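Letter by letter, the chains look like this.
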Amino acid sequence: MDEVDKKIVKILKNNSKTTLQNISEKINLSIAPTARRINQLEENNIIKNYSVNIDETSLGYKFPAFIFISLEKQQSKNFDKFEKKILNFPEVVECWLMTGAKDYLIRIAVKDVEEFEDFLTKKLTVIEGVSSVETSIPLRRVKSDYSRVE
């Protein structure tokens, strides 16, 4: 990936709806080579998809939480069971398999503390194999940048 490709990625990262015309003007290339470069970035999986950043707070999900989860046994079948369950919960917006003392880290977005309690007591802690959960409530987001491009 050369410097021109990096510029393209940064432009699209900032606004994936940017027109080809706008991108080509910013990188000083005509539209056809700009389009070829974008296609190549997509084919090489550098650009995996185009998405929309949604403000969860504006939709009423004003209570985010980070939850560390430990399983009783760190076995492949237990990871699979947990992951299948967690994929079905709309409250979970991110889930990471972790190294270290905890097995998973999830980020949830819920409307209030009551919805958080329901999620915790009626969904998460009843998953077979979950041995402990530890929650942290974020106060404010300092930075949000979902990919690194230099």
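Above this text you will find the structure in question.
Residues numbered from 1 in each chain as written. Predicted model: local features only at pLDDT ≥ 70, side-chain atom pairs only at ≥ 80, totals over all residues. Heavy atoms only, no water.

A. Region of the structure containing the packing of helix α1 (residues 3-14) against helix α3 (residues 31-43). Close contact between α1 and α3 brings their axes to 10 Å; oriented N to C, the two are set at 80°. Relative to α3, α1 is oriented roughly perpendicular. Facing α1, whose interface residues are V4, D5, I8, V9 and L12, α3 presents R37, I38 and L41. By residue class, the composition of the contact of α1 with α3 is six nonpolar, no polar and two charged. (Axes fitted to C-alpha atoms, helices over the stretch in contact; angles between N-to-C directions. Helix = DSSP H or I, 4+ residues; strand = E, 2+ residues; numbered from the N terminus. Parallel < 35°, antiparallel > 145°, perpendicular 65-115°, else oblique. Contact = heavy atoms within 4.5 Å. Nonpolar A, V, L, I, M, F, W, Y, C, P; charged D, E, K, R; others polar.)

B. Examining the sheet that holds strand β4 (residues 130-136) more closely. Across the sheet, which stays open at both edges, the four strands sit in the order β2-β3-β1-β4 with antiparallel pairing between neighbours. Bordering the open sheet on either side are β2 (92-97) and β4, each of which pairs with just one other strand. Direction aside, the axes of adjacent strands within the sheet are offset by 20° on average. Inspection of the sheet shows β2 paired to strand β3 (residues 104-110) by five bridges, in the antiparallel sense. (Pairing = 2+ DSSP bridges.)

C. Broad picture of α1. Look at α1: 17 Å from first C-alpha to last across 12 residues, which is about the 16 Å you get at 1.5 Å a residue. Every buried residue belonging to α1 is among D5, I8, V9, I11 and L12, and all of these are buried. Buried residues along α1 cover an arc of 160° about the axis, so they all sit on one side. Opposite the packed face of α1, turned more than 90 degrees from it, sit the exposed residues E3 and N14. Summarising the contacts, the buried residues of α1 are in contact with α2 (20-27) and α3. Here α1 starts with a cap whose side-chain oxygen sits 3.1 Å from the backbone nitrogen of V4, and that cap is D2. (Expected span 1.5 Å × (residues − 1). Buried < 20%, exposed > 50% of the residue type's maximum accessible area, 1.4 Å probe, protein only. Arc of directions from axis to C-beta. Polar contact = N/O pair within 3.5 Å; in protein donor to acceptor, adjacent residues only side chain to side chain.)

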